[in-house]
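Now for the letters of each chain:
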Amino acid sequence: MSRLEPMYRRTCWLCGRNGSSDPLDKHHIFGGSNRRLSEELGLWVPLCHHRCHDGGPNSVHRNAETAQRLHEYGQLKAMKAMGWTAEDFRMNFGKNYLPPDYTPEDEEEGEFE
Ligand SMILES: [Zn+2]
Ligand SMILES: [Zn+2]
């Protein structure tokens with residue numbers, strides 16, 4: 001299995017802050033039993049520790065909508081890097097996070113390079 005380039009972005013995935021007032025944490029996009037695979041594939045993002053990681057109302061650990069957005073982002077990232085289809089992703093991670101009406105045209109929208 002090849003490896004994704006780690007995401008070296010030094011700003012928060014959610015709000016773009018640089019961590020100067022709220023230090024950035026490393027959050028694995030897919031946790032639980034997929035945490036190790038997330039780590040291996042570089043599927044993690046920096047998040048402000050309090051505001052965006054697990055404290056604020058929109059933080060990924062408290063807001064299902066934010067978590068879903070991040071899961072979609074992570075899945076597309078993995079599919080692109082590994083050349084996977086959504087089904088390949090599901091076989092590796094146990095779940096397809098893309099919405100049922102997802103079409104590839106949506107892909108650029110969430111891109112965050
Ligand atoms: Zn986390
Ligand atoms: Zn943030």
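Note that the structure is a prediction, hence the values are computed from the model and not measured.

1. A closer look at the overall build of the protein
Argument step 1. What the protein contains, in helices and strands, is four helices and two strands.
Argument step 2. In sequence order, the protein lays out its α and β elements as β-α-β-α-α-α.
Argument step 3. The long-range fraction of contacts in the protein, counting pairs at least 24 apart against all pairs at least 6 apart in sequence, stands at 53%.

2. Brief notes about the nonpolar core
Argument step 1. The biggest cluster of nonpolar side chains holds 17 residues, and the ones touching the most others in it are Cys12, Leu47 and Cys52.
Argument step 2. Among the elements of the structure, strand 2 (44-48), helix 3 (64-82) and helix 4 (86-93) are those that each provide at least two residues to this core.
Argument step 3. When residues in this core are grouped by element, the largest group, three residues, is from strand 2.
Argument step 4. Other than its neighbours up to four places away in sequence, Cys52 contacts Cys12, Leu14, Cys15, Leu47, Ser59 and Val60.

3. Some details on helix 3
Argument step 1. Helix length check: helix 3, at 19 residues, gives a terminal C-alpha distance of 26 Å against a target of 27 Å (1.5 Å per residue), a fit within 8%.
Argument step 2. Of the positions making up helix 3, those classed as buried are Leu70, Gly74, Gln75, Leu76, Lys77 and Ala78.
Argument step 3. Against the buried residues of helix 3 lie helix 1 (35-41), strand 2 and helix 4.
Argument step 4. Downstream of helix 3 by one or two residues, Gly83 has phi in the positive range, about 70°.

4. Let's talk about the confidence of the model for the protein
Argument step 1. Predicted confidence across the protein gives a mean pLDDT of 88, with 84% of residues reaching 70 or more.
Argument step 2. Considering each helix and strand of the protein separately, the mean pLDDT is smallest for helix 1, with a value of 95, and largest for helix 2 (residues 49-54), with 97.

5. Brief notes about the environment of Val45
Argument step 1. Among the structural elements, Val45 can be located in strand 2.
Argument step 2. What makes Val45 buried here is the crowd of 24 C-beta atoms within 10 Å.
Argument step 3. Along the primary structure Val45 and Trp13 are separated by 32 residues, whereas in three dimensions their C-alpha atoms are 6.1 Å apart.

6. Some words on the environment of Thr11
Argument step 1. Mapping Thr11 onto the fold places it in the segment before strand 1 (24-28).
Argument step 2. Thr11 sits in the partly exposed class, given 16 other C-beta atoms within 10 Å.
Argument step 3. Considering only alpha carbons, one finds Thr11 and Cys48, 37 residues apart in sequence, at a separation of 8.4 Å.
Argument step 4. Those residues in contact with Thr11 that sit more than four places away from it in its chain are Gly16, Arg17, Asn18 and Pro46.

Reading the values: the criteria
Residues numbered from 1 in each chain as written. Chains lettered and ligands numbered in written order. Predicted model: local features only at pLDDT ≥ 70, side-chain atom pairs only at ≥ 80, totals over all residues. Helix = DSSP H or I, 4+ residues; strand = E, 2+ residues; numbered from the N terminus. Contact = placed C-beta atoms within 7 Å. Core = buried A, V, L, I, M, F, W, Y, C linked by C-beta atoms within 7 Å. Buried ≥ 20, exposed ≤ 12 C-beta atoms within 10 Å, placed from the backbone. Expected span 1.5 Å × (residues − 1). pLDDT = per-residue confidence, 0-100.

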